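# Architecture at a glance
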Amino acid sequence: MKYFSDKSFKFLNNLQNNNNREWFNEHKADYEIHVRQPFQALITDFQAPLAKISSHYVADPRAVGGSLFRINRDARFSKDKSPYKHFMGARFYHEKGRDSEAPKFYFHLQHKQCFIAAGHWYPEAEVLRKIRQFILDNPASWKKAMYSKKFKDKFSREAESTVRVPRGFPADHEFIEDLKLKSFVASVPISDEIVCGDQLLKTITQSCRELSPMMDYLCAALDLEY
C-alpha cells in the first residue's frame, strides 16, 4: 500500500514558505488528504507489525493524543514564532504512556530528509544516569546490541556528548565515549522514493526490528518490559 506522494512533500514545502495561519487554513484540505490521513493510515497498519516486534509498544492512530505529533509548533520559548512545522513525525511509544521516560521508535516525514529512528533523546538526568550505569554494569550486552557490523553499517549514532567524563564513571572504560553521550539514539535515512512507494511499511518494520536490540537494552536499563 502507498501512503504518501509528491503532494505530501509539496504541501510541507509550501508550508515552509508560507508559514502562517491564513495560508494553512486555506490549504487545510491538502494537509488532511496528503499528510494527516495517510499518516494515520500508516500508523494503523503498523500496529500489527509493531506488536510482533514488541507487544509493549503502541502505534496509536488517533489524531489527538496518539502517535502522530501535532503540526503546530510550540513557539513559547523560541525566537522563531512560526506557527507550524514544515515536517511531520510519529512516535511509537511504550505502553507506560506517550510521555513516559521510555525509549521510543520514530518516523520522520520531510522532503529529502525522511528517516527512522529509535532510542532516548535527551533523557532527564536520573534516566540518563540509569542508562550509563547499566552500560557500566553490562558492557558485553551493550557491545552485542550496538557494535555488530550489521548495526554499525546501517544506523547512524549522532548525539551530543559531555566534554568531561561523567562524575563517578571510569575514564578508561571500554565504552567511555558512549557513557559521555547525552542521548542514546540511532537512525537510518529513507529515500523519498521509498516513502512514496509501496514498500514504506515494510521498510519501517524491518528497521524497527533491527533497532530492537538497542531498544531492548534501553528498556532493561530502566526496568521496563520489552
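Structure's up top.
Quick summary incoming for the structure in this document. (Residues numbered from 1 in each chain as written. Predicted model: local features only at pLDDT ≥ 70, side-chain atom pairs only at ≥ 80, totals over all residues. Heavy atoms only, no water.)

## What to know about the state of the cysteines
Tallied over the entire structure, the rule returns zero disulfides. With no disulfide of its own, Cys196 lies 7.6 Å from the sulfur of Cys114, the closest cysteine sulfur. (Disulfide = S-S within 2.5 Å.)

## Details of helix α10 (residues 212-221)
Most of α10 sits out of view: seven of its ten residues are buried. Residues of α10 that are buried include every one of Ser212, Met214, Met215, Tyr217, Leu218, Cys219 and Ala221, and no others. Positive phi shows up at Asp223, right after α10, with a value of about 60°. (Buried < 20%, exposed > 50% of the residue type's maximum accessible area, 1.4 Å probe, protein only. Helix = DSSP H or I, 4+ residues; strand = E, 2+ residues; numbered from the N terminus.)

## A word on the sheet that holds strand β4 (residues 115-120)
Across the sheet, which stays open at both edges, the five strands sit in the order β1-β2-β3-β4-β5 with antiparallel pairing between neighbours. The strands lining the two open edges of the sheet, one partner per strand, are β1 (57-58) and β5 (184-189). As judged from the five bridges shared by strand β3 (residues 104-109) and β4, these two strands associate in the antiparallel manner. Bridge pairing links Tyr106 to Ala117 in β4. Relative to strand β2 (residues 88-94), helix α3 (residues 28-53) is tilted by about 25°, and along the sheet it contacts β1, β2 and β3. (Pairing = 2+ DSSP bridges. Contact = heavy atoms within 4.5 Å. Axes fitted to C-alpha atoms, helices over the stretch in contact; angles between N-to-C directions.)

## Quick word on unusual backbone geometry
Notably, Lys112 is not glycine yet its phi reads approximately 60°, a positive angle. Mapped onto the secondary structure, Lys112 falls in the loop between β3 and β4. Owing to a relative accessible area of 67%, Lys112 belongs among the exposed residues under this scheme. At Tyr122, a position not held by glycine, the phi torsion is positive, near 45°.

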